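Examining the three-dimensional arrangement
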Amino acid sequence: MQSKNKSKQLILVRHGQSEYNLQNRFTGTFDSPLTQRGIDEAKHCASLLGAFMIDHSFSSGLSRSQDTEEIILSQLASTADRHHSDCLNERDYGLLTGSNKQSAAELHGTEQVKLWRRGFYNCPPRGESLANVKSRVVPYYHENIKPLLDHGLNVMIVSHGNTLRALVGHLLDFSHEQYEKIEVSWCTPWVFDFTGSKLVAPKIIPNRMTKGSNALPVL
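Residues numbered from 1 in each chain as written. Predicted model: local features only at pLDDT ≥ 70, side-chain atom pairs only at ≥ 80, totals over all residues. Heavy atoms only, no water.

Here we come to the side chain of Arg 91. Position of Arg 91 among the secondary structure elements: in the loop between strand S3 (81-84) and helix H4 (101-108). Although Arg 91 is buried, it forms no salt bridge, and the closest oppositely charged side chain is Glu 90 at an N-O distance of 5.8 Å. Of the polar contacts made by the side chain of Arg 91, one reaches the backbone oxygen of Arg 117; its length is 3.3 Å. At 3.4 Å, the side chain of Arg 91 forms a polar contact with the backbone oxygen of Asn 122. In contact with Arg 91, other than residues within four places in its own chain, are Gly 28, Thr 29, Trp 116, Arg 117, Asn 122, Pro 124, Glu 128, Ser 129, Leu 130, Val 133, Arg 136 and Asn 162. (Helix = DSSP H or I, 4+ residues; strand = E, 2+ residues; numbered from the N terminus. Buried < 20%, exposed > 50% of the residue type's maximum accessible area, 1.4 Å probe, protein only. Lys, Arg positive; Asp, Glu negative; His and termini not counted. Salt bridge = Lys/Arg side-chain N within 4 Å of Asp/Glu carboxyl O. Polar contact = N/O pair within 3.5 Å; in protein donor to acceptor, adjacent residues only side chain to side chain. Contact = heavy atoms within 4.5 Å.)

Residue-level pLDDT values for the chain average 94, and 95% of them are 70 or greater. Note that residues 1-5 has pLDDT below 50 and, in this model, 19 contacts with residues that lie over four places away or in other chains. (pLDDT = per-residue confidence, 0-100.)

For the rest of this paragraph, the subject is the pairing of strand S1 (residues 9-14). The element S1 is largely enclosed, with a buried count of six among its six residues. Of the strand pairs in this sheet, S1 and strand S5 (residues 190-193) are connected by four bridges, and their pairing is antiparallel. Across the sheet, the residue bridging to Gln 9 is Asp 193, located in S5. (Pairing = 2+ DSSP bridges.)

Bringing the nonpolar core into the picture now. Leu 10, Leu 12, Ile 145 and Ile 157 are the most contacted members of the largest nonpolar core, which totals 30 residues. Of all elements in the fold, only S1, helix H6 (130-150), strand S4 (155-159), helix H7 (161-171) and S5 reach the threshold of two or more residues within this core. Of the residues forming this core, the biggest block, nine residues, is contributed by H6. Those residues within four positions of Leu 10 in sequence are excluded, and the remaining contacts are Tyr 141, Ile 145, Leu 149, Val 155, Ile 157, Leu 171, Trp 190, Val 191, Phe 192 and Phe 194. In this structure, Ala 46, Ile 54, Ile 72 and Val 158 belong to the second largest nonpolar core, which totals 18 residues. (Core = buried A, V, L, I, M, F, W, Y, C linked by side-chain atoms within 4.5 Å.)

If you want it as structure tokens, here you go:
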């Protein structure tokens, strides 16, 4: 299917709030379901994407990602082709998975937990670093998603905070230090326009349902 838009766009969406998000727990690869707020965030996200024809949609192997995708596409009455892959899963937080973030900071120290969460090469105990996440997300993007964009199709990816951080940093050719400042809120669409000769910072469409921040380093 050919997109109705003159430009080709990549739409990035982080899933809605999950039960573990609500409880301030490290979620990672644990399959925590959406809360009612997360469902409502996804519905409002769909209302922000009404002007876009989505030709293909990608989500992770985790239900909070797939359910957010399902809500958005259903609200839009979209017939987009859907693709699911574990390559788009959230990072594995290892032994931190399921633990309360404040309790982890008290146990391991605030600075150490910050490094595990925000650093590029820092791995939580028995978990993945952001570099590890990038090593699986970027090849999947180039093999499965970029060819669709190259053919003039619009693509939506519904995934996770660290997964999208890894992809955004790659797309904008960030240094490893700049990845630390990338913040993607729940159900807040980031739209990359691939029409121009140079890829620039995405347009971020605010979602009034979400409380988180969205940020990039100063470009």
